[in-house]
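Structure at a glance
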Amino acid sequence: MRERLIESTRELLWERGYVGTSPKAIQQRSGAGQGSMYHHFRGKPDLALAAIARSADDMRVRAEAELSGSGTPLQRITAYLRRERDALRGCPVGRLTQDPDVMADPELRRPVEQTFAWLRNRLAGVLADAQSQGELDTSLDPAATATALVAVLQGGYVLARAAGDAEVYAQAVDGALGLLVGRAR
């Protein structure tokens, strides 16, 4: 039941945000009774934190799979950027940054903040590897470039959702890769 509560809350946070994710909606989605929910969690903030942490962990695991996979550093970055995503739904972690209730609560914000910091650092490391292996121009700033790549992904979700067209997300990724490959040696 604990797992169903967490997974239901993850989905609801992604769809509706924190305010729109009521305990009643969580109970209906998960099939849990009120007593079961409060048996496993102290309340909505506790359950939301577990769900946000799970989404953040999932994002890190999926990113790490591509970024540490086979191929050259640029091939791994390309695999990460081109991984199939539901562009019109947006990023389950990135969407939380638009939720004022999540951002106002330091505990709820922490896993979001830590995940994006980890992703920027991880991408910067792969970019530095690409430089050391002679794939990328050494004048490229790995930290700034990693931040730009994360911004392109998150912004691509926003643009795709605004346009109602997943192709806009693919264009953002293609544009970022074009800029990156333009710095290849």
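Refer to the structure printed above.
My aim in this report is to walk through the structure given alongside it, one point at a time. Every value quoted in this text rests on a predicted model; they were computed, and no experiment measured them. (Residues numbered from 1 in each chain as written. Predicted model: local features only at pLDDT ≥ 70, side-chain atom pairs only at ≥ 80, totals over all residues. Heavy atoms only, no water.)

Brief notes about helix H2 (residues 23–30)
Here H2 has its buried residues at Ala25, Ile26, Gln27 and Ser30. Looking at the buried side of H2, the elements it contacts are helix H1 (2–16), helix H3 (34–40) and helix H4 (44–67). After H2 finishes, the residue Gly31 shows a positive phi value of roughly 80 degrees. (Buried < 20%, exposed > 50% of the residue type's maximum accessible area, 1.4 Å probe, protein only. Helix = DSSP H or I, 4+ residues; strand = E, 2+ residues; numbered from the N terminus. Contact = heavy atoms within 4.5 Å.)

Observations concerning the nonpolar core
Ranked by size, the top nonpolar core spans 49 residues in total, and within it Ile77 and Leu123 carry the most contacts. For this core, the secondary structure elements donating two or more residues are H1, H2, H4, helix H5 (73–82), helix H7 (106–132), helix H8 (142–163) and helix H9 (166–181). The greatest single-element share of this core, amounting to nine residues, is contributed by H7. Dropping the residues within four chain positions of it, Leu123 is found in contact with Leu67, Ile77, Tyr80, Ala146, Leu149 and Val150. (Core = buried A, V, L, I, M, F, W, Y, C linked by side-chain atoms within 4.5 Å.)

Describing the packing of aromatic side chains
Where two aromatic rings form a pair, the distance of their centres and the angle of their planes describe that pair. Applying the stated rule across the entire model yields one aromatic pair. Over the aromatic face of Tyr18 sits the side chain of Lys44, whose NZ or CZ is 4.1 Å from the ring centroid. Against the face of Tyr80 rests Arg85, its NZ or CZ located 4.8 Å from the ring centre. (Phe/Tyr/Trp six-rings, centres within 6.5 Å; stacked < 30°, edge-to-face > 60°. Lys NZ or Arg CZ within 6 Å of the ring centre and 35° of its normal.)

Here's the deal with the layout of surface pockets
The volume enclosed by the largest pocket comes to roughly 350 Å³. Trp14, Arg62, Arg83, Pro92 and Tyr157 are, among the 21 residues lining the largest pocket, the residues nearest its centre. Elements that contribute at least two residues to the lining of the largest pocket include exactly H1, H4 and H8. Considering only enclosed or pocket space, the second largest pocket measures out at about 180 Å³ in volume. A total of four residues in the lining of the second largest pocket trace back to one element, the largest contributor, which is H8. Taken together, the residues that form the lining of the second largest pocket break down as four nonpolar, five polar and two charged. (1 Å grid on protein atoms, 1.4 Å probe; cavity = no way out; pocket = protein on both sides within 12 Å on 5 of 7 lines; lining within 4 Å. Points joined across faces, edges and corners; volume = space filled by probe spheres on them. Nonpolar A, V, L, I, M, F, W, Y, C, P; charged D, E, K, R; others polar.)

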